[in-house]
2 protein chains.
Amino acid sequence: MGTRCEGLRDSLSPIAYYEEYSHFRLDCLKIDDNKELSMSANEDLAKERARCDFNVSEITNILDGGIERTKQRKKIESIALSNGKCCDVTPEETLGPKERYENAIRKSCLYTKIVKDQVLTLTGLEVLGSNSSVLRRTADAFFKDISPFLLHLGMFVPTIMGQGTPEQQSYWLPRALDFQIIGTYAQTELGHGTFIRGLETTATYDPDTEEFVIHSPRLTSYKWWAGGLGKTSNYCIVVAQLYTQGKCYGIHPFIVQIRDEDTHMPLPGVRVGEIGPRMGFNTADNGFLGFDHYRIPRNHMLMKNSQVLKDGTYVKVASHSKLTYGTMVFVRVMLVNEVAFNLAKAATIAVRYSAVRRQSEKISGEPEPQIIDYVTQQHKLFVCIATAHALQLSSNWLWKTFSAVLADMRGGNTENLPELHALSSCLKALSTSDSAALIEQCRLACGGHGYMLSSNLPLLYSFVTATRTYEGDYTVLLLQTARFLIKAWEQAESGNPVTPTVSYMEEAVVGNKYKWNGSAEGIIKAAYYVAAGKISSSVTSIRKRMKNGKAFEDAWELTGVQLVAAAEAHCRAVICDVYRKETVRLTANSSPNVKTVMDQLNMLYLSHWALERTGDLLRYTSTTEDDIISCQQRYEELLAAIRPNAVGLVDAFDFPDEILQSTLGAYDGRVYERLMEEALKSPLNAEPVNRSFHQYLKPLMQGKL
Amino acid sequence: MGTRCEGLRDSLSPIAYYEEYSHFRLDCLKIDDNKELSMSANEDLAKERARCDFNVSEITNILDGGIERTKQRKKIESIALSNGKCCDVTPEETLGPKERYENAIRKSCLYTKIVKDQVLTLTGLEVLGSNSSVLRRTADAFFKDISPFLLHLGMFVPTIMGQGTPEQQSYWLPRALDFQIIGTYAQTELGHGTFIRGLETTATYDPDTEEFVIHSPRLTSYKWWAGGLGKTSNYCIVVAQLYTQGKCYGIHPFIVQIRDEDTHMPLPGVRVGEIGPRMGFNTADNGFLGFDHYRIPRNHMLMKNSQVLKDGTYVKVASHSKLTYGTMVFVRVMLVNEVAFNLAKAATIAVRYSAVRRQSEKISGEPEPQIIDYVTQQHKLFVCIATAHALQLSSNWLWKTFSAVLADMRGGNTENLPELHALSSCLKALSTSDSAALIEQCRLACGGHGYMLSSNLPLLYSFVTATRTYEGDYTVLLLQTARFLIKAWEQAESGNPVTPTVSYMEEAVVGNKYKWNGSAEGIIKAAYYVAAGKISSSVTSIRKRMKNGKAFEDAWELTGVQLVAAAEAHCRAVICDVYRKETVRLTANSSPNVKTVMDQLNMLYLSHWALERTGDLLRYTSTTEDDIISCQQRYEELLAAIRPNAVGLVDAFDFPDEILQSTLGAYDGRVYERLMEEALKSPLNAEPVNRSFHQYLKPLMQGKL
């Protein structure tokens, strides 16, 4: 096992371990012990860092969005992490569901105090906007899973900001931001998620009392999923079908008090509880909520966009759809950023572990190689680093685009919104599904140890795979994008101008095949031609089906599989394009080696996707077998070129151990020691013999059961 | 929401629900209540079953392996499930880790008694062999996760059977089969899994006392992962490096007592404990195990294959490798069967839910369609049914092949073993990774509700994704297969005969491209040509690298990515081939409609994989763009053709609700009622206000924290 393990043997004999911990109690293992033991870092990781040939902090700054952002982030992190309050004595996952929730509430309150007293004063509400990633980073140190307060600042406050009148904002926001009340956002019901027009909760206006009557007519109309709803929140934004003067005006948001502010008891007519164990989010008390003719004051309807007057008259103020579009897009930009961040964590864990882990024998007698030296392992991991960069830069770019469109909207110009909406839809779909798949690839690349919760990889996956579903299901979002693409294609066909992100159609619609060339720009152009080709074949299929007598909607539906693939191809081309352009732009003034490694990662990403889509390239461009073979060669050369910088690249993500929370990914690489330390915290190890032996095992073994 | 929800509204008002359960305690919800409520089945499912056009039990018999096997299975199931002992009052996942383990021990003992007293007497040890799937089915009703006893009958007993001398067997087997002792199998260590030659635990023979001294020299040599090791087992097969007369003879198995039979205390010199929370298997007390110069009698080494005489002389009896090959192959056959079974569960859950769930509006005003009517949903689900069939039939076929080779081996002929080993390696790799991916696809196809643990889909995934790693990692196994394929290719090149499963090479090595034809046999042949093409390019890459001065092993290593892809293509072709042949064979005497639907599923599988690999088809066969388009059309026609029989097809898997354990997949389709019933069992719902409110929330909200 080479010098590393000799080192281990000296530093800690297993017996010493066992004697120290065999009768330990959960409260006797302080985080400080880990800190102490951390002194002797893993030698292989030290070597890796020594051989890294670029300035790590340069790339950190690029990913943060500039050196100033890095400084601010580090400042906030040091505030949040300095006092050690973020660390659990007992690992969250060794507690029962109830204790886990109570521990999460404890930490949420501690964390909230830190944010209120120290962070907000530092940054102002900016941390809730484009900068919210900084808050999330620090929050992840406090919550291995998630805080029950997530939707208070995440949805409750923003909804009041976005849809409340000035009066409503001045009444509710101070109380909410001061945490005098804690709220959440309840839209999804047991029976309806995707199709929000189908929501069944009703809000019927009663002019006599000037109240709305909120009601859940049936089981399927129960609200379901809202985070922090089950036990924590005493207020809630409820989305319900508005009825007034005998007419239904569709869904609107209402602020509803659900628990007594003093006793926290559910109020009469309110049915609220927790929805039970989930794949993830198990500290967020996701809840159900039903109403039995529950009355709220008229002015608890959020009335910025539409109002109900005292007499029950319905008045539309602003175009509801356009504005909710805005919120949706905002949330999606945040999500792309968030999954990029979590993928970066997984890549950090897997790459560091792969530098520490040694296995097998390449040449007999030689020391076992680090598993990161296997090309198959590099193939699994390096694309994860590249994708984290691609998504991070795409999300920063999307944020800029969004801000611009928002500015236009304030000026009354909403013509760019459909394009932005289509773009944010497919970017949300692909970034969440790519990240989930690659996080799982990182976990599998860590073998059995990746299956340990203490690696943090399973939790990262549970968390990120959920983003593929909420805020717009993968397939539904890509079909929305496809609608936009088909319209654009028809415009291009008829020679009309199309918007920037689909301008490639104007050239592709002519129908000649693009001649492959191995350059980055060439691969991107080919990707656009692939998208065009798939859109074109979808159009053909739809028209063929209509010619055979199908109505458009049926023809569209039957072509769904191809439409999803077309939207995915379009989005992939956009990501490749943005990733390339942003890389070039952001490294313009970087030192040569940073330029080189960022370019290698970008080329790796482009070649990877070209090789994943050889069928499309051969079908929709004039790529040849030789082109593919040389692309494969190029890809394998890039793996070798990136290898020496791999650890440096994940170090550049700059995750403190408290945020990474992984036995396999800690900076010092003390993988096996940490695995054992965590194992010894298992409640089952608190006593040498479990009571079930006397109760069941012994009688069974003695044939007396 | 159409009549279904009207029905719901009448049958149970949410208020009734809440009043009934709002102050419930965990022990007040008996399974009988559910049974009672189950009377009114979902109307849509009833309609689906009415329109199914084939005899469901015919397909059940085919999958079971004959009507007799079905009868026996049902008999065993009724024995195991009849007494209700399999049902938990409190859902496993609402307990803390320790309570979950204790509950698992309780049930393991109950289940063991049933198996000992009633099942074994019925079937004999046969249930441990090819028929073990029946035991697993019933066990799954008792353990939502897994039993701590799993490796006792799964590995401890079989290893003694396979590697113990007759004397050792007659001493140990009766005690083990009577559960007087409970054992497990400890091979993997913290530092070594894949590379077993690198295991670090030592067993040094001491001729003076005629004992072996078992020792763990360092932390990385601790055994890690063995199921049932942490708290349950008092005996353990330990795989260790055998040292005698100053020489190391490599790894050998030893029977080691680790706990006192009476007190269950770990014996002096034994360090044993549980390894902490995992992604799954959390009721199996997977353990760690270390030794401090721990002594065991000489005859506790399993000596069937090699012996250490009293004086310490080492004697090799049988070819160790060949025989362990046999065990490995057997375990892999079982695994293919097991993942097919779990994929069938996931498909059942997702298809039934998709028939119950209604969402969106195809035509405005019309009732919302069942989501199974969306072609995108059919695209996700029907391939899961087909794959479950493909893997089930492949595993049955592999079992027959294995038995034949085993018979040859007893006759001293081991020449077919390398081929069988290569075959079982890649089948294990592909079946586990396909199943895991498709189970996840089923979960995602169920949207948010699939994320609830009560759907059972997350647990099915956690369980199956582990099989991708243990008993041979996906990548490692495919590289093993690749070694066999490259050798075979070189033989074919030099005109020498090759073994049956690679006979396609003899034709392909000539180098002419196969002309695509849409028939099943045509697609299968194309798949073989794709495999040949990928093997050939791998060979070219390796030779090119060697020409550039690389040693063979380095050239091989650098070509790893292509070699894995080649092995995967080979295995895919074999599965397609076996699935086709077995379908034709097994439906030879079936009724016409069963023939039709089984053929449709098979064609769906073949077309699906053709469309997934268009790049390979265009590169390695003379498939044209038109061929691909018609294949896509054919595929979409098959989705439509299978749609009316979808529910019938999953009913044919014949899972009792107790085994399926899913709120979304139960036979009666009472999805929303079950979701709410399970939610109300959450410990957080046992009291209206959680204590953390008084402790933390209230002080925070009043600014007094």
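My aim in this report is to walk through the structure given alongside it, one point at a time. Keep in mind it's a predicted model, so treat the numbers as computed, not measured.

### Notes on the overall build of chain A
Across its full length, chain A holds 26 helices and eleven strands. Expected size for 705 residues packed as a compact globule is a radius of gyration near 27 Å; at 28 Å, chain A falls within 12% of this value. Taking the principal axes of its C-alpha atoms as reference, chain A extends roughly 85 × 70 × 60 Å. With an accessible surface of roughly 24,300 Å², chain A has 55% of that area assigned to carbon and sulfur atoms. Chain A carries 76 positive and 80 negative side-chain charges, and their two centres are separated by 3 Å.

### Things to note about the nonpolar core
A general trend in soluble globular proteins is that nonpolar side chains are found buried together. By size, the foremost hydrophobic cluster in this structure holds 344 residues, and its most contacted members are Trp224(A) and Trp224(B). Those residues in contact with Trp224(B) that lie beyond four places of it in its chain are His449(A), Met452(A), Leu675(A), Met676(A), Ala679(A), Thr188(B), Glu189(B), Leu190(B), Ile275(B), Gly287(B) and Phe288(B).

### With respect to unusual backbone geometry
Glycine aside, negative phi is the norm for most residues, and most peptide bonds take the trans geometry. Residue and element names in this part refer to chain A. The backbone of Trp225 sits at a positive phi, close to 105°, despite the residue not being glycine. Counting through the fold element by element, Trp225 comes out in the loop between β4 (223–224) and β5 (235–244). Even without glycine at this site, Asp654 takes up a positive phi of about 60°. You can see Asp654 is positioned in the loop between α23 (646–651) and α24 (657–660).

### Side note on the relation of the copies chain B and chain A
With an axial shift of 0.0 Å and an RMSD of 0.0 Å, the rotation relating chain B to chain A amounts to 180°. Both copies of the chain, as the preceding transformation shows, are related through a two-fold rotation axis. Both copies contact each other with a shared surface, as 100% of the interface residues of chain B are interface residues in chain A too.

### Let's talk about the pairing of strand β6 (residues 247–257) of chain A
All names here are of chain A. With nine bridges joining them, β5 and β6 adopt antiparallel strand pairing. Paired with Ile237 across the strands is Ile255, a residue of β6. Joining the antiparallel neighbours β5 and β6 is a turn of two residues, in which Gln245 adopts a positive phi near 50°.

### Considerations on the environment of Tyr111(A)
Residue and element names in this part refer to chain A. Within the secondary structure, Tyr111 is located in helix α7 (residues 97–123). Judged by its relative accessible area of 10%, Tyr111 is buried. Taking the C-alpha atoms as reference, Tyr111 lies 59 Å from Lys544; in sequence the two are 433 residues apart. Beyond its immediate stretch of four places on either side in the chain, Tyr111 contacts Leu135, Thr138, Ala139, Phe142 and Phe143.

### Considerations on the packing of aromatic side chains
Under the defined criterion, the tally for this structure stands at 51 aromatic pairs over all chains. Note on Trp225(A) and Tyr451(B): the rings are 6.0 Å apart at their centroids and 55° apart in plane angle, and the pair reads as tilted. Of the two residues, Trp225(A) sits in the loop between β4 and β5 while Tyr451(B) sits in the loop between α13 (417–445) and α14 (457–467), which places them in two different chains. Take Trp225(A): its relative accessible area is 17%, and that puts it in the buried class. Given the relative accessible area of 5%, Tyr451(B) is considered buried. An aromatic cluster is built from Trp225(A), Phe281(A), Phe463(A), Tyr470(A) and Tyr451(B), whose rings are joined through pairwise contacts. Over the ring of Trp609(A) we find Arg572(A), and its NZ or CZ is 3.5 Å from the ring centre.

### Some words on the sheet that holds strand β7 (residues 270–274) of chain B
Residues and elements named next belong to chain B. Pairing in this open sheet of three strands is antiparallel, and the strands run β4-β8-β7 from one edge to the other. The open sheet is flanked by β4 (223–224) and β7, the only strands paired with a single partner. Pairing of β7 with strand β8 (residues 287–291) involves five bridges; the strand directions are antiparallel. Opposite Val272, over in β8, you have Leu289 as the bridge partner.

### As for the environment of Arg691(B)
With respect to the helices, strands and loops of the structure, Arg691(B) is situated in the loop between α25 (671–679) and α26 (692–701). Assessed through its relative accessible area of 51%, Arg691(B) is described here as exposed. In this structure, the C-alpha to C-alpha distance between Arg691(B) and Asn512(B), residues 179 residues apart in sequence, is 75 Å. Within polar-contact distance, the side chain of Arg691(B) engages the side chain of Glu102(A) at 2.8 Å.

### A closer look at the sheet that holds strand β8 (residues 287–291) of chain A
All names here are of chain A. The strand order across the open sheet formed by three strands is β4-β8-β7, and the pairing between neighbours is antiparallel. Either end of the sheet is taken by a strand with one partner, and the two such strands are β4 and β7 (270–274). In the sheet, β4 pairs with β8 via two bridges, with the strands oriented antiparallel. When the sheet's bridge partners are listed, Lys223 is paired in β8 with Leu289.

### Points about the packing of helix α9 (residues 150–163) of chain A against helix α10 (residues 166–177) of chain A
All names here are of chain A. Where α9 meets α10, the axes come as close as 9 Å, and the angle between the chain directions of the two elements is 165°. Classified by the angle their axes make, α9 and α10 are roughly antiparallel. Considering only the axes of α9 and α10, their crossing is left-handed. From α9, His152, Leu153, Phe156, Val157, Ile160, Met161 and Gln163 reach across to α10, where they touch Gln168, Gln169, Trp172, Leu173, Ala176 and Leu177. In the contact of α9 with α10, the residues fall into nine nonpolar, four polar and no charged.

### Re the environment of Asn42(B)
Residues and elements named next belong to chain B. Within the secondary structure, Asn42 sits in the loop between α3 (31–37) and α4 (43–51). Separated by 629 residues in the primary sequence, Asn42 and Val671 place their C-alpha atoms 8.6 Å from one another. Separated by 2.8 Å, the side chain of Asn42 and the backbone nitrogen of Asp44 make a polar contact.

### A look at the pattern of salt bridges
Enumeration according to the criterion identifies 103 salt bridges over all chains in this entry. Between Lys107(B) and Asp88(B) there is a salt bridge whose closest N-O contact spans 3.1 Å. You can see Lys107(B) sitting in helix α7 (residues 97–123) and its partner Asp88(B) sitting in the loop between α6 (67–82) and α7, a full 19 residues away along the chain. Beyond isolated ion pairs, a larger network of salt bridges with shared partners links Asp64(A), Arg73(A), Lys74(A), Glu77(A), Arg137(A) and Asp654(A).

### Observations concerning the packing of helix α13 (residues 417–445) of chain A against helix α19 (residues 560–586) of chain A
Residue and element names in this part refer to chain A. The geometry of α13 relative to α19 is characterised by a closest axis approach of 9 Å and an angle of 85° between their N-to-C directions. With respect to their mutual orientation, α13 and α19 come out roughly perpendicular. Residue-level contacts link Leu423, Cys426, Leu427, Leu430 and Asp434 of α13 to Glu568, His570, Cys571, Arg572, Val574 and Ile575 of α19. Of the residues belonging to the contact of α13 with α19, the class tally is seven nonpolar, one polar and three charged.

Basis of the calculations
- Residues numbered from 1 in each chain as written.
- Chains lettered and ligands numbered in written order.
- Predicted model: local features only at pLDDT ≥ 70, side-chain atom pairs only at ≥ 80, totals over all residues.
- Heavy atoms only, no water.
- Helix = DSSP H or I, 4+ residues; strand = E, 2+ residues; numbered from the N terminus.
- Rg over C-alpha atoms; globule rule 2.2 N^0.38 Å.
- Areas by Shrake-Rupley, 256 points an atom, 1.4 Å probe, with all protein chains shown as cover.
- Lys, Arg positive; Asp, Glu negative; His and termini not counted.
- Charge placed at Lys NZ, Arg CZ, Asp CG, Glu CD.
- Core = buried A, V, L, I, M, F, W, Y, C linked by side-chain atoms within 4.5 Å.
- Buried < 20%, exposed > 50% of the residue type's maximum accessible area, 1.4 Å probe, protein only.
- Contact = heavy atoms within 4.5 Å.
- Least-squares fit on C-alpha atoms with pLDDT ≥ 70 in both.
- Pairing = 2+ DSSP bridges.
- Phe/Tyr/Trp six-rings, centres within 6.5 Å; stacked < 30°, edge-to-face > 60°.
- Lys NZ or Arg CZ within 6 Å of the ring centre and 35° of its normal.
- Polar contact = N/O pair within 3.5 Å; in protein donor to acceptor, adjacent residues only side chain to side chain.
- Axes fitted to C-alpha atoms, helices over the stretch in contact; angles between N-to-C directions.
- Parallel < 35°, antiparallel > 145°, perpendicular 65-115°, else oblique.
- Left-handed = near helix turned anticlockwise from the far one by under 90°.
- Nonpolar A, V, L, I, M, F, W, Y, C, P; charged D, E, K, R; others polar.
- Salt bridge = Lys/Arg side-chain N within 4 Å of Asp/Glu carboxyl O.

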